Amino acid sequence: MADEKVLDKDSNKEIKYKKKRMPVKDIFKAWGFLMPSFLGVLAFFIAPFGIIIFYSLINNPIGQKFVGIENFKNVIMNPAFRQAANNTMIFSLIAVPLATILSLLMAMILEENIPFKSSFRTFFLSPLMVPVASIVLIWQVLFDYHGVLNDIIGVFGGNSVDWLKSQYGPVVVVVLFLWKNLGYNMILYISALGGIPKDVLEVSTLDGAGYWRQFFYIKLRYLVPTIFFVGILSLINSFKVFREVYLLVGDYPYSSLYTLQHYMNNTFRSLDYQKLSSAALIMSVVMVVIIGVLFALEHFLDKDLEG
C-alpha cells in the first residue's frame, strides 16, 4: 500500500509510515460478529421503514398506484390529525421544560446535606419501580368524578369536577408524566453534579463566589450536555405518553387529551395504511428536526464554553 505522511508536531517534519492492511481472516471474523446485529437492524428497522415510505406514496396496498405527496396532504388537512398534533405539541411544550427544570432543582436540593436525603431519593425513584397499570389505577382513584380529590373538594364546599373529561385533563396527564419521569432525570443530574471538579468549586469559594454565582458560572457550564440529554429524553417520553392516556380514558378521550398516538392507533384499527404511514413519516421528520436543532444548539454552546 502507498506510504502515508503525518506531521510531527515536535520536529515539524513529515514522517512516512506504511499502513498495514487487515488480514482477510480478520475481516471475515469482524463481519461475522457484525452480521447478526446488522441483519436484526435490517429486518426490524430499515426494511419496515422502507415499507412505510412505500405505503405513504401509493393509493392503496392493492392498486399500488403512485400518488406522490397526496397522502401527506390528506393527513395534514385532516381535522383529527391537526387536533392530535396540536394537543401533543402543547403537552410537550409544557411537560418537557417542567421535567427538565424541576428534576434539576430536585438534584440540587439532594446534593446538599439535608436530613433524610436517602429517603427522599428513594421516594423520587419509586415511580420507576411501579407498573404503569398500577400508576394509572392510582390516578383514576384520585381524579375520577367520584374520586378522592373531589371528596376533599366537597369537604370544603366546592363542586366536583370530572377531571379526565374536561379541559383539566391535560393537567392531570402532565402531573402523571412528571411524577413518572422526574426521578430518573434527577439521578442523571446528580451524576453530572458529582462529576464537576471539586477544586474548581473550592477556588471559586475562596474567590468569594456565592452559591448562585457558582451555579450559573461554573456548574451550569458543566451541566449543559446533561441538560440537553434530559431534554431530548423527556421529549421522546412526552411523545410516548399515549400508554398512560389510553389506560386512563380509552381510544376516544376528551378532545384535549387526543394525542398523535391516539390518531395512529385508531388509523391502524381501520387498516388505512396510507394515512398511517404518512402520519408516521411526518411525526418522524418533526422529531428528527427538533432533536437535530437541540444537538446543534448543544454543539454551539459547547464550543462557546470551550472558547
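K.L.:
Summarise the pattern of salt bridges; cite the residues concerned and give the values.
P.N.:
In this structure the tally under the stated criterion is three salt bridges. Salt-bridge contacts for Glu 111 lead to Lys 219; the nearest nitrogen and oxygen are separated by 3.4 Å. With Glu 111 in helix 3 (residues 79-111) and Lys 219 in helix 9 (residues 211-239), this pair connects stretches of sequence that are 108 residues apart. The class of Lys 219 is buried, set by a relative accessible area of 6%. The salt bridge partner of Arg 243 is Glu 244, with a shortest N-O separation of 3.4 Å.

K.L.:
Report on unusual backbone geometry, specifying residues and quantitative values.
P.N.:
A positive phi angle, close to 60°, is found at Leu 271, a residue other than glycine. With respect to the element layout, Leu 271 can be found in the loop between helix 11 (260-269) and helix 12 (273-306). Residue classification places Leu 271 among the exposed residues on the basis of a relative accessible area of 52%.

K.L.:
Lay out the packing of aromatic side chains in plain terms, naming residues and giving numbers.
P.N.:
Counted under the stated rule, the structure contains 12 aromatic pairs. Ring geometry for Phe 81 versus Tyr 263: centroids 5.4 Å apart, planes at 65°, classification edge-to-face. Taken together, the residues Phe 81 in helix 3 and Tyr 263 in helix 11 connect sequence positions 182 residues apart. Accessibility classification places Phe 81 together with Tyr 263 in one group, the buried group. Where Phe 91 meets Phe 177, the ring centres are 5.6 Å apart and the plane angle is 80°; that geometry is what we call edge-to-face. Here Phe 91 is found in helix 3, whereas its partner Phe 177 is found in helix 7 (residues 169-194), with 86 residues between them in sequence. Note on Phe 177: relative accessible area 4%, which makes it buried.

K.L.:
Lay out the side chain of Gln 274 with the relevant residues and their values.
P.N.:
The residue Gln 274 is located in helix 12 in this model. Contact partners of Gln 274, with chain neighbours within four places excluded, come to Tyr 55, Ser 56, Ile 58, Asn 59, Asn 60, Pro 61 and Asn 71.

K.L.:
So what's going on with a nonpolar patch on the surface? Residues and values would help.
P.N.:
Taken together, the side chains of Ile 27, Trp 31, Leu 34, Met 35, Phe 38, Leu 39, Val 41, Leu 42, Phe 44, Phe 45 and Ile 46 define a hydrophobic patch exposed on the protein surface, amounting to about 1100 Å² of accessible area. The class of Val 41 is partly exposed, set by a relative accessible area of 39%.

K.L.:
Outline the packing of helix 8 (residues 198-206) against helix 9, listing residues and values.
P.N.:
It is the contact of helix 8 with helix 9, at a shortest axis distance of 11 Å, that shows an interaxial angle of 170°. Relative to helix 9, helix 8 is oriented roughly antiparallel. For the pair formed by helix 8 and helix 9, the contact residues are Val 200, Leu 201, Ser 204 and Thr 205 on the first element and Gln 214, Ile 218, Lys 219 and Tyr 222 on the second. Taken together, the residues of the contact of helix 8 with helix 9 break down into four nonpolar, three polar and one charged.

K.L.:
Describe the nonpolar core, naming the residues involved and giving the relevant values.
P.N.:
Judged by nonpolar contacts, the single largest core of 27 residues is most densely connected at Phe 91 and Phe 177. Mapped onto this core, the elements with two or more residues apiece are helix 3, helix 7 and helix 9. If near-sequence neighbours (up to four positions away) are discounted, Phe 91 is found in contact with Val 96, Val 173, Val 174, Phe 177, Ser 238 and Val 241. The next biggest cluster of nonpolar side chains, apart from the first, holds 19 residues, and it includes Tyr 258, Met 264, Ile 282 and Ile 291.

K.L.:
Can you lay out the confidence of the model for the chain for me, pointing to particular residues and giving the numbers?
P.N.:
For the chain, per-residue confidence averages 82 on the pLDDT scale, and 92% of positions sit at 70 or higher. At the low end of the mean pLDDT range in the chain sits strand 1 (residues 3-8), at 50; at the high end sits helix 3, at 90.

K.L.:
Can you lay out the environment of Glu 70 for me, pointing to particular residues and giving the numbers?
P.N.:
Relative to the assigned elements, Glu 70 resides in helix 2 (residues 70-77). Between the C-alpha atoms of Glu 70 and Thr 100, which are 30 residues apart in sequence, the distance is 38 Å.

So, how was this worked out
Residues numbered from 1 in each chain as written. Predicted model: local features only at pLDDT ≥ 70, side-chain atom pairs only at ≥ 80, totals over all residues. Heavy atoms only, no water. Salt bridge = Lys/Arg side-chain N within 4 Å of Asp/Glu carboxyl O. Helix = DSSP H or I, 4+ residues; strand = E, 2+ residues; numbered from the N terminus. Buried < 20%, exposed > 50% of the residue type's maximum accessible area, 1.4 Å probe, protein only. Phe/Tyr/Trp six-rings, centres within 6.5 Å; stacked < 30°, edge-to-face > 60°. Contact = heavy atoms within 4.5 Å. Patch = residues over 30% accessible without salt bridge, like charges linked within 9 Å, V, L, I, M, F, W, Y side chains within 5 Å. Areas by Shrake-Rupley, 256 points an atom, 1.4 Å probe, with all protein chains shown as cover. Axes fitted to C-alpha atoms, helices over the stretch in contact; angles between N-to-C directions. Parallel < 35°, antiparallel > 145°, perpendicular 65-115°, else oblique. Nonpolar A, V, L, I, M, F, W, Y, C, P; charged D, E, K, R; others polar. Core = buried A, V, L, I, M, F, W, Y, C linked by side-chain atoms within 4.5 Å. pLDDT = per-residue confidence, 0-100.

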